[in-house]
Amino acid sequence: MPASSRALGGGISWKAGGTIAPSVFVKMDSTAFQVIQADSGNALIGVMQEGQRDPPGTTGADAAVAATSGDKATFHIYQTGDKCRVRVIAAVTAGQAVKASTGGKGIAHTSGAANIGGFALTSANADELVEILVNTGTFTPA
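Keep in mind it's a predicted model, so treat the numbers as computed, not measured. (Residues numbered from 1 in each chain as written. Predicted model: local features only at pLDDT ≥ 70, side-chain atom pairs only at ≥ 80, totals over all residues. Heavy atoms only, no water.)

Help me understand the confidence of the model for the protein chain in this model?
Per-chain confidence: the protein chain averages 92 in pLDDT, with 92% of residues scoring 70 or above. Note on residues 1–9: pLDDT is under 50 here. Beyond four places in sequence and across chains, it has 19 contacts. (pLDDT = per-residue confidence, 0-100. Contact = heavy atoms within 4.5 Å.)

Is there a simple way to explain the sheet that holds strand E5 (residues 77–78) in this structure?
In a beta sheet, neighbouring strands pair by backbone hydrogen bonds and run either parallel or antiparallel. Sheet architecture is open: five strands sit in the order E1-E3-E2-E4-E5, paired in mixed fashion. If you trace the sheet from one side to the other, it starts and ends with strand E1 (15–16) and E5, each paired once. Relative to strand E4 (residues 46–48), strand E2 (residues 25–28) is paired through two bridges, and the arrangement is antiparallel. Paired with Val26 across the bridge in E4 is Gly46. (Pairing = 2+ DSSP bridges. Helix = DSSP H or I, 4+ residues; strand = E, 2+ residues; numbered from the N terminus.)

Would you take a moment to explain the side chain of Gln34 for this structure?
Within the secondary structure, Gln34 sits in strand E3 (residues 34–37). Taking the relative accessible area as the measure of exposure, Gln34 reaches 10% and is therefore buried. At 2.6 Å, the side chain of Gln34 forms a polar contact with the side chain of Asp29. The residues contacting Gln34, other than those within four sequence positions of it, are Trp14, Lys15, Ala16, Gly17, Lys27, Met28 and Asp29. (Buried < 20%, exposed > 50% of the residue type's maximum accessible area, 1.4 Å probe, protein only. Polar contact = N/O pair within 3.5 Å; in protein donor to acceptor, adjacent residues only side chain to side chain.)

Pasting the structure below:
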């Protein structure tokens, strides 16, 4: 996992409000300092770490899980200004804005105003990882 100057999300001790997959967009839950996997249209706070929760080969380790409900300060969230990779649900081209879709996976944002998670630095096909520059907020393409 690449190092960030904002370890653990800017020094905030986040808590997982449910099971969160690696490399997906996350959002705030209604509980203070709690994050959950994002869905289509959500306001985003960043991207969950790329690595799995438990080391490979450990009993119960699952490559599809970065955090489980109740985990606190054991995972990393990439935030605005960070570069990371996010799994996409459909093809994305370098330069496109990327927003959350089903299961927190990224999808290209091409028209109207939407909550985005960043901008693609590379291109990727469905179910691949695309490198993005995280930049959360509302964006309307020109």
